[in-house]
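Descriptive structure summary
Take a look at the letters that make up each chain.
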Amino acid sequence: MKKRSKNLSIIDNELEVNGTITSKGSLVIRGCVRGNLKGEEVVIAEEGSIYGDLEVSTLTIGGVFEGDVRATDSLVILSTGKCTGSATCKDLIVESGGLLNATVTSLTGGEISEKVEKTFFPSIKL
């Protein structure tokens, strides 16, 4: 397992970033990011949003994500989260109330094992 940095960075409320971000350690998004992001552990807080492409180890969505994400470990969509676009991840967790409207590709052992296209709506119980 790759050793992760202990750094913590925050893009706070009312801060908008346009462009490319490269981050080590944990990154919490409470503002808005428009562009590409490469990092380790990214958390989009309930008031945060990302519009762009991500390459991360883990992504937790409590706010809004629109774009393409490749999460080598896990993608977690919290009950307040909305994910639209495409997602490639090893583990996928969607809490009740979370919205996933994306093409999902599952990674197993570093290889793509299965491709599933699903749309989840909070009002429909699966």
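So, here is what we can say about the structure in this document.

Conventions adopted
Residues numbered from 1 in each chain as written. Predicted model: local features only at pLDDT ≥ 70, side-chain atom pairs only at ≥ 80, totals over all residues. Heavy atoms only, no water. Salt bridge = Lys/Arg side-chain N within 4 Å of Asp/Glu carboxyl O. Helix = DSSP H or I, 4+ residues; strand = E, 2+ residues; numbered from the N terminus. Buried < 20%, exposed > 50% of the residue type's maximum accessible area, 1.4 Å probe, protein only. Core = buried A, V, L, I, M, F, W, Y, C linked by side-chain atoms within 4.5 Å. Contact = heavy atoms within 4.5 Å. Pairing = 2+ DSSP bridges. Disulfide = S-S within 2.5 Å.

This structure, assessed with the given rule, holds three salt bridges. Ionic pairing is found between Asp12 and Arg30, a salt bridge with its closest N-O pair at 3.0 Å. Here the residue Asp12 occupies a position in the loop between strand E1 (8-11) and strand E2 (16-22), and Arg30 occupies one in the loop between strand E3 (26-29) and strand E4 (32-38), the gap between them amounting to 18 residues. Taking the relative accessible area as the measure of exposure, Arg30 reaches 31% and is therefore partly exposed. Here Glu47 ties to Arg30 by a salt bridge, and the two come within 2.6 Å at their closest N and O atoms. Remark: Arg30 occurs in the loop between E3 and E4 and Glu47 occurs in the loop between strand E5 (41-44) and strand E6 (49-61); sequence separation between them is 17 residues. For Glu47, a relative accessible area of 41% gives the class partly exposed. One salt-bridge network, in which partners are shared between bridges, spans Asp12, Arg30 and Glu47.

This brings us to the nonpolar core. Taken as a class, soluble globular proteins show a tendency for nonpolar side chains to be buried jointly. The biggest cluster of nonpolar side chains holds 24 residues, and the ones touching the most others in it are Ile50 and Leu59. For this core, the secondary-structure elements that each account for two or more residues are E3, E4, E5, E6, strand E7 (64-77), strand E8 (82-94) and strand E9 (99-108). Not counting chain neighbours up to four residues away, the residues in contact with Ile50 comprise Ile29, Val33, Leu37, Val42, Ile44, Val64, Phe65 and Glu66.

Here the focus is the pairing of E7. Look at any regular strand and the pattern is simple: side chains alternate between the two faces of the sheet. Pairing of E6 with E7 involves 12 bridges; the strand directions are parallel. Bridge pairing in E7 places Ser49 opposite Val64. In the sheet, E7 pairs with E8 via 12 bridges, with the strands oriented parallel. For Leu75, the partnering residue across the bridge sits in E8 and is Leu92.

Scanning the model with the defined rule gives zero disulfides in all. The structure places no disulfide on Cys89, whose sulfur is separated from the nearest cysteine sulfur, that of Cys83, by 8.8 Å.

Moving on to the environment of Ala102. For Ala102, the location among the structural elements is in strand E9. In this structure, the C-alpha to C-alpha distance between Ala102 and Ser86, residues 16 residues apart in sequence, is 4.8 Å.

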